[in-house]
Amino acid sequence: MADTGALVIADISGYTKFVGGVELEHGAAIVSDLLGVVVDQLDAIAPLAKLEGDAAFCVSPAVPTADAMMSALYGCYDAFRRRLRDADHLTTCTCDACSQMASLDLKIVVHAGEYLTHRVAGSVEVAGPAVIVVHRLLKNAVSKRGYALVTDDAAMAIHLPLDEWGYAAHREQVDDVGPVDVHVLDLAELWAAEQTRTSVIVSEDDGKVVTYELPGPVSVVWDWMSDPAKRRQWNGADSIDAETSGSPSGVGTVNHCVHGKMQINEEIVDWKPFNYVTFRNHAPFGTFLFMVAFEPTDGGTRVQFRVKPEGGRLKFAVAYRVGMKPNLDKGMARLAELLVTAEERPAADPAATSPTP
């Protein structure tokens, strides 16, 4: 029985040349580390199906929302580039592999369609025409280095507002398939632009700090905390409406959160998917910066809320103690329950519903 869903391949560009001219042991370790980062970031929209040398093939029967897809694409590329940059800065090794790691980049291909899963020699394989298409699109005529290539089928399934969100239309000629309409997002350009923007950080010394340990990887926890429909399941809001001005969630987005008779307007002033987000919140008891930082742990994700009032400190202190902190405690406890339930939800055995060769 076939499933219909999202097929995503993240491929490290420059891999062949890189491993061909460097020490094999260090080169393999660098690529393995980078692929681990990529898989972690994509987990919220499509769990890993198979590692394929320099690429990670991820599959999900559920098609993500447009916002979740954009967060995953940018968050994945951002994490990849930051890991590459940090490794390059911190290493003292002078071998060819460590010296040339900055030449690597990342491309992500996204498709949607039918696929079959079946067992071959004890492992689960994913097959079908859509699987062929997404793999063949790795070899394309796009001249950019770091980018996402989204097929027309995926864009329609996800309801991506392509023009408004910066995708460029393109057509690829795929062997044995024919012309395939795709849309290209320049992730390297977005990342470079983001590096020039001033970060808005609330330090742990600036105000109130509270930390929670949650189950599940960072990308999944981020999705539960940023998707308005999922937020309402744990934070007690009567409604959450987002003003995005035609852009994906990010700097400039304003969320209107209604809790009974009280409305809080959250303006996003800094947005680093899967790393942190900073809001300027306007509430009846005052205006305050509200930063949520995410950190992976062995057992899941550490989420830290840092809150800094901008005036009216006494009134804010009372509101924090009486309302905000108890509500955060209650909301995080509820979110932990939801994450455990989602993780424990039984998944169908691919071999039980698909033909075995």
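What comes next is a walk through the structure. Keep in mind that this is a model prediction, so the values were computed, not measured. By convention here, each chain's residues receive numbers from 1 onward along its written sequence. Where local features are concerned, this predicted model is filtered to residues with pLDDT of at least 70; where side-chain atom pairs are given and counted, the filter is 80 or more; whole-chain, interface and lining totals use all residues. The basis for every side-chain value is the complete set of non-hydrogen atoms in the structure, without hydrogens or water.

## Observations regarding helix α8 (residues 218–226)
Every α-helical turn comprises 3.6 residues, leaving residues that sit three or four positions apart pointing alike. For each residue, the accessible area found with a 1.4 Å probe, counting protein chains only, is set against the maximum for its type, and the residue is called buried under 20%, exposed over 50%, and partly exposed in between. In DSSP terms, a helix is any run of H or I states spanning at least four residues, a strand is any run of E spanning at least two, and both are numbered starting from the N terminus. Buried residues dominate α8, accounting for 8 of its 9 residues. Buried within α8 we find V218, S219, V220, V221, W222, D223, W224 and M225.

## A look at the environment of L48
Note on placement: L48 falls in strand β2 (residues 48–52). Of the residues examined, L48 reaches a relative accessible area of 38% and is grouped as partly exposed. Taking the C-alpha atoms as reference points, L48 and I9, separated by 39 residues in sequence, lie 9.5 Å from one another. The contact definition used throughout considers only heavy atoms, calling two residues in contact when any of these lie within 4.5 Å. Those residues in contact with L48 that sit more than four places away from it in its chain are V39, A56, F57 and C58.

## Here's the deal with unusual backbone geometry
Notably, D176 is not glycine yet its phi reads approximately 65°, a positive angle. Located in the positive-phi region is F274, a residue other than glycine, with phi close to 70°. Its place among the elements puts F274 in the loop between β12 (262–272) and β13 (276–283). With a relative accessible area of 8%, F274 lands in the buried category.

## Here we look at the side chain of S71
In this structure, S71 sits in helix α3 (residues 66–90). Residue S71 is classed as buried on the basis of its relative accessible area, which comes to 8%. Not counting chain neighbours up to four residues away, the residues in contact with S71 comprise C76, W222, W271, P273 and F274.

## Observations regarding the sheet that holds strand β10 (residues 239–243)
Spatially, the 7 strands line up as an open sheet ordered β9-β15-β14-β13-β12-β11-β10, and their pairing is antiparallel. Every other strand in the sheet has two partners, leaving β9 (208–215) and β10 as the edge strands with one partner each. Taking the axes of each pair of neighbouring strands and ignoring which way they run, one obtains an average angle of 20° across the sheet. Strands qualify as paired when DSSP identifies two bridges or more between them. Note that β9 and strand β15 (residues 300–309) share 8 bridges and pair antiparallel. Paired with Y212 across the bridge in β15 is V303. Helix axes use the C-alpha atoms of the stretch in contact, all axes being lines fitted to C-alpha atoms, and the angles between their N-to-C directions lie in the range 0 to 180 degrees.

## Quick look at the side chain of N281
Residue placement: N281 occurs in strand β13. What N281 contacts, discounting residues up to four positions off in sequence, is I264, N265, E266, E267, G286, T287, F288 and F290.

## Notes on the pattern of salt bridges
A side chain with one charge may pair with a side chain of the opposite charge, provided their charged atoms come close. Only one rule defines a salt bridge in this text: a Lys or Arg side-chain nitrogen within 4 Å of an Asp or Glu carboxyl oxygen. The tally for this structure, following the rule as stated, stands at 19 salt bridges. Between D78 and R82 there is a salt bridge, with the nearest N and O atoms lying 2.8 Å from each other. Note that D78 and R82 are positioned in helix α3 at a spacing of 4 residues, about one turn of the helix. R197 is the salt-bridge partner of D270, the closest N and O atoms lying 2.9 Å from each other.

## Here's the deal with the pairing of strand β6 (residues 147–151)
Most of β6 is tucked away: 5 of the 5 residues are buried. Burial along β6 is two-sided: the face carrying Y147, L149 and T151 and the face carrying A148 and V150 are both buried. In this structure, strand β4 (residues 105–120) lies alongside β6, joined through 4 bridges in parallel fashion. Bridging across to β6, V110 finds its partner in V150.

## Here's the deal with the nonpolar core
Core analysis: the biggest nonpolar cluster contains 78 residues, and L160, M225 and F305 have the highest contact counts within it. Among the elements that make up this core, the one with the highest residue count is α3 (11 residues). With residues up to four places along the chain from it excluded, the contact list for F305 reads K208, V209, V210, Y212, M225, F290, M291, V292, L328 and M332. Counting 21 residues, the second-largest nonpolar core is a separate cluster that includes F57, V59, V109 and L149. Among buried residues, the Ala, Val, Leu, Ile, Met, Phe, Trp, Tyr and Cys ones that are joined through side-chain atoms within 4.5 Å form a nonpolar core.

## Here's the deal with the packing of aromatic side chains
Note on ring pairs: Phe, Tyr and Trp rings are taken, using the six-membered ring of Trp, and paired if centres are within 6.5 Å. Classes follow the plane angle, with under 30 degrees stacked, over 60 edge-to-face and the rest tilted. For the structure shown, the criterion picks out 11 aromatic pairs. The interplanar angle of 70° and the centroid separation of 5.0 Å between the aromatic rings of W222 and W271 together place this pair among those described as edge-to-face. On the criterion of sequence distance, the pair formed by W222 in helix α8 and W271 in strand β12 is long-range, its members being 49 residues apart. By the burial criterion, W222 is buried, and W271 matches it. Taken together through their ring pairs, the aromatic side chains of Y212, F279, F285, F288, F290, F305, F316 and Y320 make up a single cluster. In this scheme, the term charge over a ring applies when either NZ of a lysine or CZ of an arginine sits within 6 Å of the ring centre and within 35 degrees of the ring normal. Above the plane of the ring of W224 lies K230, whose end atom (NZ or CZ) is 5.3 Å from the centre.

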